[in-house]
Amino acid sequence: MVMRPLWSLLLWEALLPITVTGAQVLSKVGGSVLLVAARPPGFQVREAIWRSLWPSEELLATFFQGSLETLYHSRFLGRAQLHSNLSLELGPLESGDSGNFSVLMVDTRGQPWTQTLQLKVYDAVPRPVVQVFIAVERDAQPSKTCQVFLSCWAPNISEITYSWRRETTMDFGMEPHSLFTDGQVLSISLGPGDRDVAYSCIVSNPVSWDLATVTPWDSCHHEAAPGKASYKDVLLVVVPVSLLLMLVTLFSAWHWCPCSGKKKKDVRADRVGPETENPLVQDLP
C-alpha cells in the first residue's frame, strides 16, 4: 500500500517545478541532529518523503495517510526518528554521516515543496597539549625578563583553529605579531610581575572546543634540582657536543678515504712480491 504513494512522490519531484531551499546543519560525532522540515505558511502536508542524496541515495523516512515510517534499509536504520512535525532526527552520529539530504512534501491540493539540507559531522576537539620553551640568552648575566615560546598541539582534527588567552586579566586576545604557525606558537616576554599570570590555548572547530592552561613563569629562572639538568643546560651541552661529533665524523671520513686505497695497494704488492719470484733461480756456491 505504500509503494504507490511513494512512486507518485518521486514523479512529483522529477516532473514538476519545485521550490528548493538549502541550509547547512552542523553536529558532532556521538551527538544527534534535527533536520527541520520547513514549509511555507498554510502548507498542509498530505505526504512526505525524506531521502539521503549524497554520498549515497537512500530512502530514510516517509509520511503517508497519517502514518510515520522509518524502517527502511539504509545506513541510518535504527538511528532515524521522524517526528510529528515531519522533522527528521538522526543519532547517534558517526564520522561518515556527513552528506546532503532532502525532504519532499505534497500538500492537500497536490502542490509539491522540496527542501535540501547539508549535514556536516565533526569529531569533538580533544584537550590540547601545551609545551613551554625558554629562549636561551647568549650572555651569562641574569635578565629580569624571560622570553617564552608556548607551543600548542592537538591531533589532526578537521577545520581546527588555535587561539590564546591571557588569564586573570581583561585581555582576551594576543597581538598578531606574537603568533606563529597559524596560532599554534605564541611568543611572549615575561617579567617579575607576570609570576602568577597564566595563558590558555584554546582549540576549536565549528561544533566543539577545549583548552589547556599553563603558568609559563614557573619555567623561567628555574634552578635545576641536584642531579637534574635544566632546559638551558641541556641546550648548552647537547648542541655543541652534537656539532663536535658531526665535525669529527666528517673529518674522519675525509682523512681516511683517500688513503685507504693506497694502503690496500701496498699490502697487495707486498703479498704478491715473494710469490712472483722464480723458484728455478738459486744462488750458486
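Residues numbered from 1 in each chain as written. Predicted model: local features only at pLDDT ≥ 70, side-chain atom pairs only at ≥ 80, totals over all residues. Heavy atoms only, no water.

1. With respect to unusual backbone geometry
- Residue Pro55 follows Trp54 across a cis peptide bond; omega there is 10 degrees.
- The residue after Gly91, namely Pro92, is reached through a cis peptide bond having omega -5 degrees.
- Phi is positive for Gln65, close to 50 degrees, though the residue is something other than glycine.
- Relative to the elements of secondary structure, Gln65 occurs in the loop between β4 (58-64) and β5 (67-69).
- A residue is classified by how much of its surface remains accessible, and Gln65, at 72% relative accessible area, is exposed.
- One non-glycine residue with positive phi stands out, namely Leu86, at about 70 degrees.
- With respect to the helices and strands, Leu86 occurs in the loop between β6 (80-82) and β7 (88-90). (Helix = DSSP H or I, 4+ residues; strand = E, 2+ residues; numbered from the N terminus. Buried < 20%, exposed > 50% of the residue type's maximum accessible area, 1.4 Å probe, protein only.)

2. Topic: the confidence of the model for the chain
- Put simply, the chain has an average pLDDT of 75, and 64% of its residues get 70 or more.
- The least confident element of the chain is helix α2 (residues 231-275), whose mean pLDDT is 43; the most confident is β7, at 97.
- Note that pLDDT drops below 50 for residues 255-285; the model gives that stretch one contact with residues more than four away or on any other chain. (pLDDT = per-residue confidence, 0-100. Contact = heavy atoms within 4.5 Å.)

3. Points about the state of the cysteines
- Enumeration according to the criterion identifies two disulfides in this entry.
- What pairs with Cys146 in a disulfide is Cys220, and their sulfur atoms sit 2.0 Å apart. Sign of the S-S torsion, about -80 degrees for the bond between Cys146 and Cys220, identifies this disulfide as left-handed. You can see Cys146 sitting in strand β11 (residues 146-153) and its partner Cys220 sitting in the loop between β16 (208-214) and α2, a full 74 residues away along the chain.
- Looking at Cys146, the relative accessible area reads 5%, which means it is buried.
- Sequence-ordered numbering of the bonded cysteines in the chain yields a pairing of 1-4, 2-3. (Disulfide = S-S within 2.5 Å.)

4. Digging into the sheet that holds β11
- Strand order in the open sheet made by the four strands is β10-β11-β14-β13, with antiparallel pairing throughout. Two strands close off the open sheet at either side, each with one partner strand: β10 (129-134) and β13 (179-180).
- Bridging between β10 and β11 involves six bridges; their strand directions are antiparallel. Each bridged residue has a counterpart across the sheet, and for Ile134 the counterpart in β11 is Val148. (Pairing = 2+ DSSP bridges.)

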